[in-house]
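# Chain and residue survey
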Amino acid sequence: EMRKRRLHTCATALLFLLPVVNSSAITLCAPLFFKGAAVARLPAARTSAASVLYLRGGGGSSSDSTVGGEVRLQGFEVHYRCSRHWDTAYVHYSIDDGATWSRKPGEEAGGTMKEDKRTGKDSEMGPSPAGPNWKTFSLPPLSFTKVRVAQNISFVFHDGKGNWDSGPEGTYYRLEHHGRYALKDGRFSLISEGLSPVLVVTDLDGTYIGDEGAIAELNDCWERQCVYSRPHPSVFVYNTGRSWESTRQVMRDLQHIPMMTPKAVIASVGTQVWWITEKKGDITASKDMEWERSLSEAGLWDRNLVNELVQPFIDKEWAHLRPAEEQNNWKLVMGVKAAHVDAIIYSVDSKLKAQGKKATLIASGHGEWNYLDIVCCGAGKLEALLHVRNKLKFTATQTVACGDSGNDILMLSGQERGIVVGNSQEGLLQWVRRQTDVSDDGSQRLVHTEARHARGIVEGLRKMSFLPSL
């Protein structure tokens, strides 16, 4: 009996001393010993140095497999999008080709040699930077750092309440090569190492919104790559002429996609900033009162005077006020006949200056009627972007503004990088043609893409190397 136990100990050690096999293939397959098991191979992908893992749910990893000749622990890190109905998620796994499996919650360790060889208990998964419906784990859960780990893992997921995800084939998931992976809708993606964090600040209508398939494509790229950037995750922000209430309604209307939950919403042409949190599908917004105070301290805004100055044009039926929910203390928005936009801007601006007041007037849209936003001079899409960027501690070169219309010109005219999507309106395109720092290959500050709507954002991020190239 003693000899058997010694042989078992040696065999177990050899399992983890196997050399690392350098390969680019990733396999998602059913167990070969199951009758009728199907094997599906994903496209080959380039992989960087194998990851070194912290061995707890939600653990991070670092690259380099050796330091000073010492072999570090290597393994797997998986970020998994689970059912939104799961409060918790566990991974049930095997590191010996399915011969033995981790113990399910409540299951006691056995006394036989085969049961003693089990890897451990099912691991409760930790939070992932990809969002509230995502969980993460690192495998295998070993504590030593001087031997190499097994070269593959097999696993399934469950919520501890009897609900399981056993993969597309209904058997189990399997990975054969070390690295970091995102697992969504039954499909693995190898997470690219070396991606820099990016703060994406995008307009909604005509840019992020406009093509539901494009929204889904951008969301997928973001969840599979951008959020895992180092040293901290990338961040997504909306910058829109809509109010927060209108933005929230659009998010509800597109629940079937769904839209990405942003870190912040810059609303009403930069006159409001809202910080967003999501928990179990419920989204809440907190108004940024620091931004509100900065506008009130500007001192050059007179909302009543603006009302008086636009009234003659409303009386002439050259313009009309937009609905009350689009107005606020720091902004007045009108619909204006395109033929009279320039005259109204000149008149209002000159009369404000004559009385020692100031405002920013922003025209956008196309067709017979345009929009005209008159906003407090301390507000605006660029000013609010700078406020949010500074709070989130991103640099200008790490920040990308995305737009499609004239009211995005100010946002795109700062030091930050910018994406002008392929379906942009003529008013913005005229401005783009006058710029000297525009390219279509990512070599300049601004990128003008061929792709439209959200696919234009994907194209631009790839050209700027914030997403891996295809």
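Quick note: structure is the one above.
Quick look at the structure, then. (Residues numbered from 1 in each chain as written. Predicted model: local features only at pLDDT ≥ 70, side-chain atom pairs only at ≥ 80, totals over all residues. Heavy atoms only, no water.)

Glancing now at the environment of Ala-130. Of note, Ala-130 is situated in the loop between β10 (126-128) and β11 (131-139). What makes Ala-130 buried here is its relative accessible area of 14%. Separated by 103 residues in the primary sequence, Ala-130 and Pro-233 place their C-alpha atoms 8.6 Å from one another. In this structure Ala-130 touches Glu-223, Val-227 and Tyr-228, once residues within four positions along its chain are discounted. (Helix = DSSP H or I, 4+ residues; strand = E, 2+ residues; numbered from the N terminus. Buried < 20%, exposed > 50% of the residue type's maximum accessible area, 1.4 Å probe, protein only. Contact = heavy atoms within 4.5 Å.)

Time to look at the sheet that holds β11. The mixed open sheet is built from five strands, whose spatial order is β10-β11-β7-β15-β16. Taken across any chain shown, the strands that pair with only one partner, and hence form the sheet edges, are β10 and β16 (187-190). Going across the sheet, the axis of each strand differs from the next one's by a mean of 35°, ignoring polarity. Summarising the sheet, strand β7 (residues 76-81) and β11 pair through six bridges and their orientation is antiparallel. If you follow Glu-77 over to β11, its bridge partner there is Ser-138. Taken strand by strand, helix α3 (residues 212-224) contacts β7, β11, β15 (179-184) and β16, and its axis lies near 145° from that of β15. (Pairing = 2+ DSSP bridges. Axes fitted to C-alpha atoms, helices over the stretch in contact; angles between N-to-C directions.)

Quick look at α3 now. Spanning 13 residues, α3 covers 18 Å between terminal C-alpha atoms, matching the ideal 18 Å at 1.5 Å per step. Residue Asp-211 occupies the N-cap position of α3, its side-chain oxygen lying 3.0 Å from the main-chain nitrogen of Gly-213. (Expected span 1.5 Å × (residues − 1). Polar contact = N/O pair within 3.5 Å; in protein donor to acceptor, adjacent residues only side chain to side chain.)

Further remarks concern the nonpolar core. Among the nonpolar cores identified, the biggest contains 46 residues, and Val-237, Ile-266, Met-334, Ile-344, Val-348, Ile-374 and Leu-392 are the most heavily contacted of them. If one sorts the elements of this core by residue count, helix α6 (residues 303-315) sits on top with five residues. When residues no more than four places from it in sequence are discounted, the contact partners of Met-334 are Val-310, Ile-314, Ala-319, His-320, Leu-321, Arg-322, Ile-344, Asn-370, Tyr-371, Leu-372 and Ile-374. (Core = buried A, V, L, I, M, F, W, Y, C linked by side-chain atoms within 4.5 Å.)

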